[in-house]
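Here's the letter readout for the chains.
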Amino acid sequence: MRIDFRSALTPRAIAGAVLCALFLLTLTFTWMAWSVPPRPDPAGLMAAMTVIPAPTGTAPSEIPTIDPYAPTPTATLSPGQLNTGIYVQITGTGGVGLNIRSAPGLASSQQFMGFDSEVFLIEDGPRESDGYTWWYLVSNYDDGRAGWAAANFLEAIPAPNP
């Protein structure tokens, strides 16, 4: 007995097969959409990165001079005692870093992240806010890295060598 497959390929059978395939595709894409975990919001992610300009390799055209009016650090500070004109380094963040803010207080915006052992000069302060004592810090190597930091994560150090 011979079976004629051409008689089975009627327009009605082809339409039924196409509808069945579309139904299965819809079911597959629906399952994939429900089973994929949601992506994190990219606006909530923030990379901590510090860009340090590379040296140019050219010799300075001027001989550096010592400014007699520049603030000098006090060498007789007790541990934990901070004051304007002294150098501090960030410490005790456990590698997480310290938020340097635009104004004293936890509600002010974060300017950048300071990392453990990073050195700054205190130019202003102290200011009390939100249970912390805040100092205005300025970086030696980048004028753009300046802001307010909580004293709990700062340690007085001797002035770095020029």
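Residues numbered from 1 in each chain as written. Predicted model: local features only at pLDDT ≥ 70, side-chain atom pairs only at ≥ 80, totals over all residues. Heavy atoms only, no water.

Engineer: Could you give me a rundown of unusual backbone geometry, with the residues and numbers involved?
Structural biologist: Here the bond from Gly-125 into Pro-126 is cis, since omega is 0°, no more than 30 degrees from zero. Inspection of the secondary structure assignment puts Pro-126 in strand S4 (residues 119-129). Positive phi, normally seen in glycine, also occurs at Ser-117, with a value near 75°. Relative to the helices and strands, Ser-117 is located in the loop between strand S3 (110-114) and S4. Here the phi dihedral of Asp-130 falls at roughly 55°; this positive angle occurs in a residue that is not glycine. Looking at the secondary structure, you find Asp-130 in the loop between S4 and strand S5 (132-139). (Helix = DSSP H or I, 4+ residues; strand = E, 2+ residues; numbered from the N terminus.)

Engineer: I'd like a description of the pairing of strand S1 (residues 87-90), backed by residues and values.
Structural biologist: Note that S1 and S4 share three bridges and pair antiparallel. If you follow Tyr-87 over to S4, its bridge partner there is Leu-121. Bridge count between S1 and strand S7 (residues 154-157): four bridges; the pairing is antiparallel. Among the inter-strand pairings, Ile-90 is bridged to a residue of S7, identified as Leu-154. (Pairing = 2+ DSSP bridges.)

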